[in-house]
2 protein chains.
Amino acid sequence: MAARARPKTRAAAGSPRRAPSPRAARKPATVAHIVGVLRARIARQDIPPGAKLREADLAGEFGVARARIRDSLAALEQRGLVERIPNRGAVVTRLDLSQVFHIYELREVLEGLCARLATERTPPERWRRELELFQGPMKDLIARNELDPYIERYEALRRALIEAAGNPVLAEMLDTIYEKTQVLIRRILILPGRAEIGRQQHVAMLEAMIRGKADLAEQRRREGLKSARAHLEKFQKYIL
Amino acid sequence: MAARARPKTRAAAGSPRRAPSPRAARKPATVAHIVGVLRARIARQDIPPGAKLREADLAGEFGVARARIRDSLAALEQRGLVERIPNRGAVVTRLDLSQVFHIYELREVLEGLCARLATERTPPERWRRELELFQGPMKDLIARNELDPYIERYEALRRALIEAAGNPVLAEMLDTIYEKTQVLIRRILILPGRAEIGRQQHVAMLEAMIRGKADLAEQRRREGLKSARAHLEKFQKYIL
DNA sequence: TGTCGCAGAAGTGTCAACACTTTTGTCGAC
DNA sequence: GTCGACAAAAGTGTTGACACTTCTGCGACA
């Protein structure tokens, strides 16, 4: 309880040490916010792999002290999005081919698990809309090569599955590895025939989910990713 | 340039910031080192869940500036071993039951993958020593309730499998989730019959590996963890 | 003309002091 | 005697300055 009516002492005379900045009191951007912005930039390749991130620049841009930028870079390093070399700064990680395959091995089992859990923990009807989407409109999008709307809906399904799986630790892991390969999505989808194959596999998985066959859904998701990996292997020279 | 005749403060009182210590200049403990020490303490419950970690104390103990301790705590927070509450400090995470089950769901597929990859990427003979160990000596250790040697060898096998799987991303993930449940190992092994069942399941997995049956090894590892989870569910009130 | 060395610049790493928040202990009013 | 307010203490958050390392450009020498 405590209620305590906090003393409130501190009216403090509105002269914070920071530049007054009359309008837009501009709260000073948390580490979480900075990390989010930089993640997005790296994913969209606004900052290309190999580029250097200079602390002073970022501090200026976000209007925070360098220390906070350092914290943010440390967080990005933990996630594997940048590498830091002592006294030389932070560099956007350049993902090499072997790491991509390692990640696909993981996605295979993790997204398989995700499909199984989502099936077990959600009423089957939940997935009918998604199935219809992938059977109809998505097919057209692929045929007409409209990648962006396709990707958007694909990611929506992905998020829905993770949410339905109801396992935060799994969600965190999928997030971590997904953001590393996000840059590849477009390049993979252009591979001859890949998008349509992927769509069919999603349909197969969703059908299993609607029939309540959790293990089958897992198996089909795994097969889907396995075949994606095979495609990647075949065309690797065009990807990286 | 700056010239600036630096206030010079520091020569004062012959106390350079580091203890003089003529030889053995005691390098000042890197973040990695501090994180390692704290990880170990948390795993062994030298620092119990819920305990507060005070920055100044740690800074004094390791002989480093508080900033470095803060970096270390941030790293531990990322790994989920401590929680930090603004202005109130870092507290060792208290793992709740639901998270434990979520982690076991993950271990099931991740260690399954690990077993499969290890089988595919290593000559079968590699595992014969381990099999004999688990068939013979380990059985005795369990019968005589010598937990510590048993755990030591169990972890050695675990490390060998991860190493053999040759997937660094997987290794990193297993590490992350394993250290969170490490504190439970002893409590689980005491459960009636659990240790012996686990041993038999390891034997079954190793046999599959020696026969080169990667998928079978994966399946058996998954079954092993599934049954461990079931055990945990049954006796959860004695564990947490 | 090419190369090596050496200052200066630029950028990261570290630190100690200061600012702010929460907690704790004490005193007075009811 | 209990509750509530206040002040001091303890601890965390933030900042700017300083130290150190690496990179870059210039000039001397072979």
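So, how was this worked out
- Residues numbered from 1 in each chain as written.
- Chains lettered and ligands numbered in written order.
- Predicted model: local features only at pLDDT ≥ 70, side-chain atom pairs only at ≥ 80, totals over all residues.
- Heavy atoms only, no water.
- Buried < 20%, exposed > 50% of the residue type's maximum accessible area, 1.4 Å probe, protein only.
- 1 Å grid on protein atoms, 1.4 Å probe; cavity = no way out; pocket = protein on both sides within 12 Å on 5 of 7 lines; lining within 4 Å.
- Points joined across faces, edges and corners; volume = space filled by probe spheres on them.
- Helix = DSSP H or I, 4+ residues; strand = E, 2+ residues; numbered from the N terminus.
- Nonpolar A, V, L, I, M, F, W, Y, C, P; charged D, E, K, R; others polar.
- Phe/Tyr/Trp six-rings, centres within 6.5 Å; stacked < 30°, edge-to-face > 60°.
- Lys NZ or Arg CZ within 6 Å of the ring centre and 35° of its normal.
- Least-squares fit on C-alpha atoms with pLDDT ≥ 70 in both.
- Contact = heavy atoms within 4.5 Å.
- Core = buried A, V, L, I, M, F, W, Y, C linked by side-chain atoms within 4.5 Å.
- Buried area = accessible area lost by both parts, 1.4 Å probe.
- Salt bridge = Lys/Arg side-chain N within 4 Å of Asp/Glu carboxyl O.
- Polar contact = N/O pair within 3.5 Å; in protein donor to acceptor, adjacent residues only side chain to side chain.
- Expected span 1.5 Å × (residues − 1).
- Arc of directions from axis to C-beta.
- Bend = angle between axes of the 7 residues up to and from the residue.
- Pairing = 2+ DSSP bridges.

**Describing unusual backbone geometry**
Phase 1 of the analysis: With a phi close to 60°, A:Asn145 is a non-glycine residue in the positive phi region.
Phase 2 of the analysis: Overall, A:Asn145 belongs to the exposed group, its relative accessible area being 60%.

**Quick notes on the layout of surface pockets**
Phase 1 of the analysis: Taken as a whole, the largest pocket holds about 1,600 Å³ of empty space.
Phase 2 of the analysis: What lines the largest pocket is a set of 44 residues, among which A:Asp71, A:Ala74, B:Arg70, B:Asp71 and B:Ala74 lie closest to the centre.
Phase 3 of the analysis: For the lining of the largest pocket, the secondary-structure elements that each account for two or more residues are α1 (31-43), α3 (66-78), β2 (82-85) and β3 (89-92) of chain A together with α1 (31-43), α3 (66-78), β2 (82-85) and β3 (89-92) of chain B.
Phase 4 of the analysis: For the lining of the largest pocket, the class distribution of residues is 22 nonpolar, six polar and 16 charged.

**Overview of the packing of aromatic side chains**
Residues and elements named next belong to chain A.
Phase 1 of the analysis: For the coordinates displayed, the defined rule picks out two aromatic pairs over all chains.
Phase 2 of the analysis: When the ring of phenylalanine 235 is compared with that of tyrosine 238, the centres are 6.2 Å apart and the planes differ by 50°; the resulting orientation is tilted.
Phase 3 of the analysis: Of the residues examined, tyrosine 238 reaches a relative accessible area of 61% and is grouped as exposed.
Phase 4 of the analysis: Over the face of the ring belonging to tyrosine 178 we find arginine 158, whose NZ or CZ atom lies 3.5 Å from the ring centre.

**Observations regarding the relation of the copies chain B and chain A**
Phase 1 of the analysis: Of the transformation placing chain B onto chain A, the axial shift is 0.2 Å and the rotation is 180°, giving an RMSD of 0.2 Å. What the superposition gives is, in effect, a two-fold axis relating one chain to the other. When C-alpha positions in chain B are compared against the rotation axis, the closest is assigned to B:Val109, at 2.9 Å.
Phase 2 of the analysis: Of the interface residues in chain B, 100% have counterparts in chain A that sit at the interface too, so the contact is made through matching surfaces.

**Re the nonpolar core**
Phase 1 of the analysis: In terms of nonpolar packing, the biggest core is built from 80 residues, with A:Leu110, A:Trp127, B:Leu110 and B:Trp127 touching the most fellow members.
Phase 2 of the analysis: Once residues within four sequence positions are removed from consideration, A:Leu110 is found in contact with A:Leu170, A:Met173, A:Leu174, A:Ile177, B:Leu106, B:Val109, B:Leu110 and B:Met173.

**Points about the side chain of A:His231**
Phase 1 of the analysis: Tracing the sequence through the fold places A:His231 in helix α11 (residues 214-234).
Phase 2 of the analysis: Leave out the neighbours within four places in its chain, and A:His231 touches A:Leu191, A:Pro192, A:Arg194 and A:Ile197.

**Some details on the interface of chain B and chain A**
Put simply, an interface is often sized by how much accessible area is lost when its parts join up.
Phase 1 of the analysis: With 24 residues of chain B at the contact, the number on the chain A side is 24 residues.
Phase 2 of the analysis: Carbon and sulfur atoms supply 59% of the area buried between chain B and chain A, which totals about 2,000 Å² over both sides.
Phase 3 of the analysis: Where chain B packs against chain A, one counts six salt bridges.
Phase 4 of the analysis: B:Arg116 is the salt-bridge partner of A:Glu108, the closest N and O atoms lying 3.7 Å from each other.
Phase 5 of the analysis: Taken together, the connections running from chain B to chain A amount to 10 residue pairs in polar contact (both at pLDDT 80 or more).
Phase 6 of the analysis: Broken down by secondary-structure element, the contributors of at least two residues to the side of chain B that touches chain A are α3, α4 (97-121), α8 (168-181) and α11 (214-234) of chain B.
Phase 7 of the analysis: For the side of chain B that touches chain A, the element with the highest residue contribution is α4(B), accounting for 12 residues.
Phase 8 of the analysis: Across the side of chain B that touches chain A, the residue classes break down as 12 nonpolar, five polar and seven charged.

**Details of the environment of A:Ala214**
Residue and element names in this part refer to chain A.
Phase 1 of the analysis: Mapping alanine 214 onto the fold places it in helix α11.
Phase 2 of the analysis: Among the residues examined, alanine 214 registers a relative accessible area of 10% and is labelled buried.
Phase 3 of the analysis: When the C-alpha atoms of alanine 214 and leucine 113 are compared, they prove to be 9.3 Å apart, with 101 residues separating the residues in sequence.
Phase 4 of the analysis: Beyond its immediate sequence surroundings of up to four residues, alanine 214 is in contact with Arg116, Thr119 and Glu120.

**Some points on α1(B)**
Residue and element names in this part refer to chain B.
Phase 1 of the analysis: Compared with the 18 Å implied by 1.5 Å per residue over 13 residues, the 18 Å span of α1 between its first and last C-alpha is a close match.
Phase 2 of the analysis: Taken as a whole, α1 has its buried residues at Ile34, Val35, Leu38 and Ile42. Within α1, the buried residues cover an arc of 100° as seen down the axis, which keeps them to one side.
Phase 3 of the analysis: Those residues of α1 that are buried are in contact with α2 (55-62), α3, β2 and β3.
Phase 4 of the analysis: In the segment just after α1, glutamine 45 is the residue with positive phi, at about 60°.

**Considerations on helix α4 (residues 97-120) of chain A**
Residues and elements named next belong to chain A.
Phase 1 of the analysis: Between its first and last C-alpha atoms α4 spans 35 Å; for 24 residues at 1.5 Å apiece the expected length is 34 Å, and the two agree.
Phase 2 of the analysis: At arginine 107, α4 shows its maximal kink, close to 25°.
Phase 3 of the analysis: In terms of burial, α4 is largely enclosed, as 20 of its 24 residues are buried.

**A word on the pairing of β2(B)**
Across a regular strand the side chains alternate sides, sitting on one face of the sheet and then on the other.
Phase 1 of the analysis: Where β2(B) lies against β3(B), four bridges are found, and the strand directions are antiparallel. Of the residues in β3(B), the one forming a bridge with B:Glu83 is B:Val91.

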